[in-house]
Amino acid sequence: MTMTFKSRHFIPLTVLFLALGMLFNTTQVLAQAQTSDPSVIKEPLVLTIGDTFEYKGYRSMDDAKEDVNPRWTQVLKVTEVYEGRGFRFEINGGPRYIIYNQAGNILKRSRKDSTIRTYTPSSMLFKYPMKVGDEFPVSYYFDKSKVTPNKRTVRREGIVRVVGWEEVTVPAGTFKALRIEMSGEYKLFPRDQGGRGGTFVETYWVSPKVKMRIVLSYRKYVWKNGTVKKHYFSLSSFNLVNQ
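Note that the structure is predicted; figures quoted are calculated from it, not measured. (Residues numbered from 1 in each chain as written. Predicted model: local features only at pLDDT ≥ 70, side-chain atom pairs only at ≥ 80, totals over all residues. Heavy atoms only, no water.)

## Some thoughts on the overall build of the protein chain
Okay, so step 1: Helices and strands together make up the secondary structure of the protein chain, namely 2 helices and 13 strands.
Okay, so step 2: Considering the protein chain as a whole, with its 243 residues, one finds that 50% of them fall into the buried category.
Okay, so step 3: At a minimum sequence separation of 6, the contacts of the protein chain that also span at least 24 residues come to 57%.
Okay, so step 4: Entry remark: accessible area of the protein chain is about 12,000 Å², with carbon and sulfur atoms responsible for 50%. (Helix = DSSP H or I, 4+ residues; strand = E, 2+ residues; numbered from the N terminus. Buried < 20%, exposed > 50% of the residue type's maximum accessible area, 1.4 Å probe, protein only. Contact = heavy atoms within 4.5 Å. Areas by Shrake-Rupley, 256 points an atom, 1.4 Å probe, with all protein chains shown as cover.)

Written out as structure tokens, the structure reads:
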């Protein structure tokens, strides 16, 4: 599949995330021709302290494709690599952070509203070796807790599918990337003792060359009021210390 995101900026850029797809036609807008590739990502991609990735977020697919009207810019920098190859990202120079396990799944992240999200056992998106056709169930939850003991828990259950290799163009360049989709249901507790929830779909494109996600598309549907939330992210630049 070939996806093209034009850039109006003249700075070096690299990969991230962008399109999602509960709406499969949305994904097709991003990419025009899928290619097959027998290669397998055999083990987690290894990052180094100092590796840096810049992403931009957009409200619409058109804006993401044209690299216009970005809502925000986020810079992730590896500041620690743990035994077993887990790692810590500093967000926009700190103090916010994201901690991943060795497979690249989120364990913990801090947010602007002082919330710390702890994922149990992890975000479970990546499982190695990873090859086209893989499919596996996921079940995890994360707590949204502030300094006070007041908490909300979000539980997710769904399926991860490894769809195929695609050629993806983002502001950072053109890369061969593995497309991975996670879809399912989520519920929030406590909320009237019964929780509330909806459905979600996330689509990621991961480039072995960049060692990270280059595009992400996210869609969430809320059962209670029928609202739909969409987010699109694309990698704008990156720097790998060992390249």
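## Quick word on the pattern of salt bridges
Okay, so step 1: In the structure shown here, the tally under the stated rule is 6 salt bridges.
Okay, so step 2: For glutamate 202, the salt bridge is made with arginine 156, and the minimal N-O distance between the two is 2.8 Å. Taken together, the residues glutamate 202 in strand E11 (residues 196-207) and arginine 156 in strand E9 (residues 151-170) connect sequence positions 46 residues apart.
Okay, so step 3: Residue classification places glutamate 202 among the buried positions, given a relative accessible area of 9%.
Okay, so step 4: Its relative accessible area of 9% is what places arginine 156 among the buried residues.
Okay, so step 5: Salt-bridge contacts for arginine 179 lead to glutamate 166; the nearest nitrogen and oxygen are separated by 3.1 Å. Of the two residues, arginine 179 sits in strand E10 (residues 173-189) while glutamate 166 sits in strand E9, which places them 13 residues apart along the sequence. Judged on exposure class, the residue arginine 179 and its partner glutamate 166 are both buried.
Okay, so step 6: Taken together, the shared-partner salt bridges connect Glu166, Arg179 and Glu181 into one network. (Salt bridge = Lys/Arg side-chain N within 4 Å of Asp/Glu carboxyl O.)

## Some details on the nonpolar core
Okay, so step 1: In terms of nonpolar packing, the biggest core is built from 48 residues, with Phe53, Phe89, Ile180 and Ile214 touching the most fellow members.
Okay, so step 2: Beyond its immediate sequence surroundings of up to four residues, phenylalanine 53 is in contact with Leu47, Gln74, Val75, Leu76, Phe89, Val210, Met212, Leu235, Ser237, Phe238 and Leu240. (Core = buried A, V, L, I, M, F, W, Y, C linked by side-chain atoms within 4.5 Å.)

## Focus: the confidence of the model for the protein chain
Okay, so step 1: Per-residue pLDDT for the protein chain averages 80, and the proportion of residues at 70 or more is 79%.
Okay, so step 2: When pLDDT is averaged over each element of the protein chain, strand E4 (residues 87-91) comes out on top at 96 and helix H1 (residues 24-30) at the bottom at 34. (pLDDT = per-residue confidence, 0-100.)

## Some words on empty space enclosed by the protein
Okay, so step 1: Within this structure, the stated rule accounts for 2 cavities of 30 Å³ or more.
Okay, so step 2: Here the lining of the largest cavity is built from residues that sort into 10 nonpolar, 2 polar and 2 charged. (1 Å grid on protein atoms, 1.4 Å probe; cavity = no way out; pocket = protein on both sides within 12 Å on 5 of 7 lines; lining within 4 Å. Points joined across faces, edges and corners; volume = space filled by probe spheres on them. Nonpolar A, V, L, I, M, F, W, Y, C, P; charged D, E, K, R; others polar.)

## What about the layout of surface pockets?
Okay, so step 1: There is about 1,500 Å³ of room inside the largest pocket.
Okay, so step 2: Arg109, Arg111, Arg117, His231 and Phe233 are the residues nearest the centre of the largest pocket, which is lined by 45 residues in total.
Okay, so step 3: In terms of residue count, strand E12 (residues 212-222) provides more of the lining of the largest pocket than any other element does, 6 residues in total.
Okay, so step 4: In the lining of the largest pocket, the residues fall into 21 nonpolar, 9 polar and 15 charged.

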